[in-house]
Amino acid sequence: MAVQPIDLQVMYTQMDKLAQTVSKQQNGLQLANAMQENEIIQQTKEQAAAVQKAAQNEAEIKMRDNDQKSSNNGQTPNGKKRQKTDDKDSSETPQQPEIRELYLGQHIDITG
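Conventions and cut-offs
- Residues numbered from 1 in each chain as written.
- Predicted model: local features only at pLDDT ≥ 70, side-chain atom pairs only at ≥ 80, totals over all residues.
- Heavy atoms only, no water.
- Helix = DSSP H or I, 4+ residues; strand = E, 2+ residues; numbered from the N terminus.
- Buried < 20%, exposed > 50% of the residue type's maximum accessible area, 1.4 Å probe, protein only.
- Areas by Shrake-Rupley, 256 points an atom, 1.4 Å probe, with all protein chains shown as cover.
- Salt bridge = Lys/Arg side-chain N within 4 Å of Asp/Glu carboxyl O.

Some thoughts on the overall build of the protein chain
Move 1: Helix and strand counts for the protein chain come out as 2 helices and 0 strands.
Move 2: Relative to its full complement of 112 residues, the protein chain shows a buried share of 0%.
Move 3: For the protein chain, the computed accessible surface area is about 11,300 Å², with 53% contributed by carbon and sulfur atoms.

Listed below in structure tokens is the structure:
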């Protein structure tokens, strides 16, 4: 069965519709990929913010514990404060909070 010119004529009129459909499919795929990348970036930002918030909360808890320990050191078991005889210790530089990386000690490399 041979191809007749009338068959080609119908096919040529539909080529623009086919090209538009293919173009929309390709653009849709690119759009879907871009949306997926944006979602991954958003999730990464949220995870980073959660980690920073957890680290900040842990640092605040340690500071509170240190403050409570230091306030308890100045009291006797009766609850009365002891008088300090040496004011030089209290006038020294204030104690800086310890900054510690949370991931240290979590991952151990056993390949070496």
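Details of the pattern of salt bridges
Move 1: This model, assessed by the stated rule, comprises 2 salt bridges.
Move 2: Between Glu58 and Lys62 there is a salt bridge, and its shortest N-O distance comes to 3.7 Å. Here the residue Glu58 and the residue Lys62 both occupy positions in helix α1 (residues 5–73), the gap between them amounting to 4 residues, near one helical turn.
Move 3: For Glu58, a relative accessible area of 29% translates into the label partly exposed.
Move 4: In this structure, the salt-bridge partner of Arg64 is Glu60, at a minimum N-O distance of 3.9 Å. Residue Arg64 and its partner Glu60 are located together in helix α1, separated by 4 residues, close to a single helical turn.

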